[in-house]
Amino acid sequence: MQVVIFKLADEQFAVETSKVQSINDTMGITKVPKAPSHIKGLINLRGNIISLLDINMLLDIDKNEKGQNNIVILEMEDELIGITVDQVDEVLDIDESFIERVENDRRKSYIRGVINLKDRIVTLIDIDRLLSN
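All figures in this text were calculated on a predicted structure; none of them were measured in a lab.

### Structural notes on unusual backbone geometry
Here comes step 1: Of note in the backbone geometry, lysine 34 takes a positive phi value of approximately 65° without being a glycine.
Here comes step 2: Checked against the element boundaries, lysine 34 lands in the loop between strand 3 (20–25) and strand 4 (39–45).
Here comes step 3: Non-glycine residue aspartate 60 carries a positive phi angle of around 60°.
Here comes step 4: As for its position among the elements, aspartate 60 is in the loop between helix 1 (55–59) and strand 6 (70–76).

### Quick notes on the pairing of strand 5 (residues 48–53)
Here comes step 1: Bridge analysis of strand 4 against strand 5 gives 6 bridges, and the strand direction is antiparallel. Looking at strand 5, one finds that asparagine 44 is bridged to isoleucine 49.
Here comes step 2: Counting the residues in the hairpin turn of strand 4 and strand 5 gives 2 residues, including arginine 46, whose phi is positive at 50°.
Here comes step 3: Note: strand 5 against strand 7 (residues 79–85), 3 bridges, orientation parallel. Its bridge partner being in strand 7, leucine 53 is matched across the sheet by isoleucine 83.

### Things to note about the sheet that holds strand 10 (residues 111–116)
Here comes step 1: Strand order in this open sheet of 6 strands is 8-1-2-11-10-9, and the pairing throughout is mixed. Edge positions in the sheet fall to strand 8 (87–93) and strand 9 (99–100), since each has one partner strand and no second.
Here comes step 2: Where strand 1 (residues 2–8) and strand 8 come together, 6 bridges link them in antiparallel fashion. Each residue of the ladder has a partner; that of phenylalanine 6, found in strand 8, is valine 88.

### As for a negative patch on the surface
Here comes step 1: Residues Glu75, Glu77, Asp78 and Glu79 make up a contiguous surface patch of negative charge.
Here comes step 2: Structurally, the position occupied by glutamate 77 is in the loop between strand 6 and strand 7.
Here comes step 3: Looking at glutamate 77, the relative accessible area reads 79%, which means it is exposed.

### Digging into the sheet that holds strand 5
Here comes step 1: Strands sit in the order 3-6-7-5-4 across an open sheet of 5 strands; the sheet is mixed. Looking at which strands have only one partner, the edges of the open sheet turn out to be strand 3 and strand 4. In this sheet, adjacent strand axes meet at a mean angle of 30° when their direction is disregarded.
Here comes step 2: Note that strand 6 and strand 7 share 7 bridges and pair antiparallel. When the bridges of strand 7 are listed, isoleucine 71 appears paired with threonine 84.

### Some points on the pattern of salt bridges
Here comes step 1: Evaluated as defined, the whole model comprises 5 salt bridges.
Here comes step 2: Here aspartate 128 makes a salt bridge to lysine 19, at a shortest N to O gap of 2.8 Å. In this pair, aspartate 128 sits in helix 2 (residues 127–132) while lysine 19 sits in the loop between strand 2 (11–16) and strand 3, placing the two residues 109 residues apart along the sequence.
Here comes step 3: Overall, the relative accessible area of 24% leaves lysine 19 in the partly exposed class.
Here comes step 4: The salt bridge involving arginine 120 is made with aspartate 119; its shortest N-O contact spans 3.1 Å.
Here comes step 5: By relative accessible area, which is 62% here, aspartate 119 ends up exposed.

Conventions and cut-offs
Residues numbered from 1 in each chain as written. Predicted model: local features only at pLDDT ≥ 70, side-chain atom pairs only at ≥ 80, totals over all residues. Heavy atoms only, no water. Helix = DSSP H or I, 4+ residues; strand = E, 2+ residues; numbered from the N terminus. Pairing = 2+ DSSP bridges. Patch = residues over 30% accessible without salt bridge, like charges linked within 9 Å, V, L, I, M, F, W, Y side chains within 5 Å. Areas by Shrake-Rupley, 256 points an atom, 1.4 Å probe, with all protein chains shown as cover. Salt bridge = Lys/Arg side-chain N within 4 Å of Asp/Glu carboxyl O. Lys, Arg positive; Asp, Glu negative; His and termini not counted. Charge placed at Lys NZ, Arg CZ, Asp CG, Glu CD. Buried < 20%, exposed > 50% of the residue type's maximum accessible area, 1.4 Å probe, protein only. Axes fitted to C-alpha atoms, helices over the stretch in contact; angles between N-to-C directions.

Okay, structure coming up:
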């Protein structure tokens, strides 16, 4: 399995590369009046209008003061959705056996497990579940 690892505050998260369409630098965001608070706005990416979600809010993680430098474009059921992240760290090939399952807390059902790397632990997100909530 291949994953994209990104940082939010002091934590690292991963999503499967099969869901990732592209990784971009931060760009102009158009605010949407009266949109739910987890929707940051809309971006225009090569002529495609894409909703941009605040993944920090969805995961209940404080924002980094330095700001968010990257936008990860995800393909969800034939629709493109963007999430803002502090930075994209790397793309890794991992063996499924490295994924440790976590106790299934209903509030955190979007966590598929943790990837225990030598020098750090990365939380693997089931992005479909997270965004369907």
